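Letter by letter, the chains look like this.
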Amino acid sequence: MDFEKCTAVTNDQIVVLRENRSKFVFNNRDRIPVSKVQVDGCLINNDNEKCDWILSIESLKRALFIELKGSDIDKAISQLKSTLRLTKSQFKGYDRECYVVTTRIPKHGPSVRRKSMAFFKETKSTLSVKNLQAKVNC
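Caption draft 1: View of the state of the cysteines. Throughout the structure, instances matching the rule amount to 1 disulfide. A sulfur-sulfur separation of 2.0 Å characterises the disulfide bridge that pairs cysteine 6 with cysteine 42. Taking the sign of the S-S torsion, -90° for the link of cysteine 6 and cysteine 42, the bridge is left-handed. You can see cysteine 6 sitting in the segment before strand E1 (7-10) and its partner cysteine 42 sitting in the loop between strand E4 (34-38) and strand E5 (53-57), a full 36 residues away along the chain. Cysteine 51 forms no disulfide, and the closest cysteine sulfur to it belongs to cysteine 98, at a distance of 7.3 Å. Of all cysteine sulfurs, the one in cysteine 98 lies closest to cysteine 138, which takes part in no disulfide; the gap is 17 Å. You can call cysteine 138 partly exposed: its relative accessible area is 26%.

Caption draft 2: Looking closely at the layout of surface pockets. A volume near 160 Å³ is recorded for the largest pocket. Lining the largest pocket, in full, are Phe3, Glu4, Thr7, Ser35, Val37, Ser56, Glu58, Gln90, Phe91 and Tyr94. Taken together, the residues of the lining of the largest pocket sort by class into 4 nonpolar, 4 polar and 2 charged.

Caption draft 3: Representation of the sheet that holds strand E2 (residues 14-19) in the model. With respect to topology, 3 strands assemble into an open sheet ordered E2-E3-E9, the strand pairing being mixed. The open sheet has two free edges, formed respectively by E2 and strand E9 (133-137), since each of these has just one partner strand. Each strand axis lies, on average, 10° off the axis of its neighbour in the sheet, ignoring direction. With 6 bridges connecting them, E2 and strand E3 (residues 22-27) associate as antiparallel partners. Looking at the pairing, leucine 17 lines up with phenylalanine 24 of E3.

Caption draft 4: Structural view of the pairing of E9. Only one face of E9 is buried, namely the one carrying Ala134 and Val136, since none of Gln133, Lys135 and Asn137 on the opposite face is buried. Examined bridge by bridge, E3 and E9 share 5 bridges and lie parallel to one another. Looking across to E9, one finds that phenylalanine 24 is bridged to alanine 134.

Thresholds, definitions, all that
Within each chain, residue numbers correspond to sequence positions counted from 1 in written order. Where local features are concerned, this predicted model is filtered to residues with pLDDT of at least 70; where side-chain atom pairs are given and counted, the filter is 80 or more; whole-chain, interface and lining totals use all residues. For side-chain calculations, the full set of non-hydrogen atoms in the structure is used, while hydrogens and water are omitted. Defined by distance alone, a disulfide is two cysteine sulfur atoms within 2.5 Å. Working definition: helices are DSSP H or I runs of at least four residues, strands are E runs of at least two. Numbering for both runs from the N terminus. Throughout, exposure labels follow a simple rule: accessible area from a 1.4 Å probe, protein chains only, divided by the maximum for the residue type, with under 20% read as buried, over 50% as exposed, and the rest as partly exposed. Here a cavity denotes grid points, spaced 1 Å and computed from the protein atoms alone, that fit a 1.4 Å probe unable to get out, and a pocket denotes an open set having protein on both sides within 12 Å along at least 5 of 7 lines; residues with an atom within 4 Å of a point are the lining. Grid points are joined across faces, edges and corners, and a volume is the space filled by probe spheres set on the points. Ten residues, namely Ala, Val, Leu, Ile, Met, Phe, Trp, Tyr, Cys and Pro, are considered nonpolar, four, namely Asp, Glu, Lys and Arg, are considered charged, and the remaining ones, Gly among them, are considered polar. Any two strands between which DSSP finds at least two bridges are classified as paired. Only the stretch in contact is used when a helix axis is fitted, and all axes are lines through C-alpha atoms; the angle between N-to-C directions ranges over 0 to 180 degrees.

Given below as structure tokens:
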């Protein structure tokens, strides 16, 4: 995996990732350097499941794994788990947060909450599922 080739570092106040109608917004008020890693189609270019992006904030030891998806939450969770596993050594000691941004989501009911809890238990990473847009502050 060639992290250097697939990473762009920015200190923009707002970092936006989008695919179709799904959108992830990272508010970087303090303008600290953020590494934007394109996972799908660059970092992991084989048949392994992978998420779309990783935002990494080295100074805070924080990594955000992002999957921009239609409506298949189970597939998105599987892709996030695979990416966490494949990049484990790179983000050792980081707080890892995972986000699924869907275009169509079933109502946020107990099933999504159960999936988030099971995901944390298995990966020690948080999972947030949002519809159309997710906003995260630095």
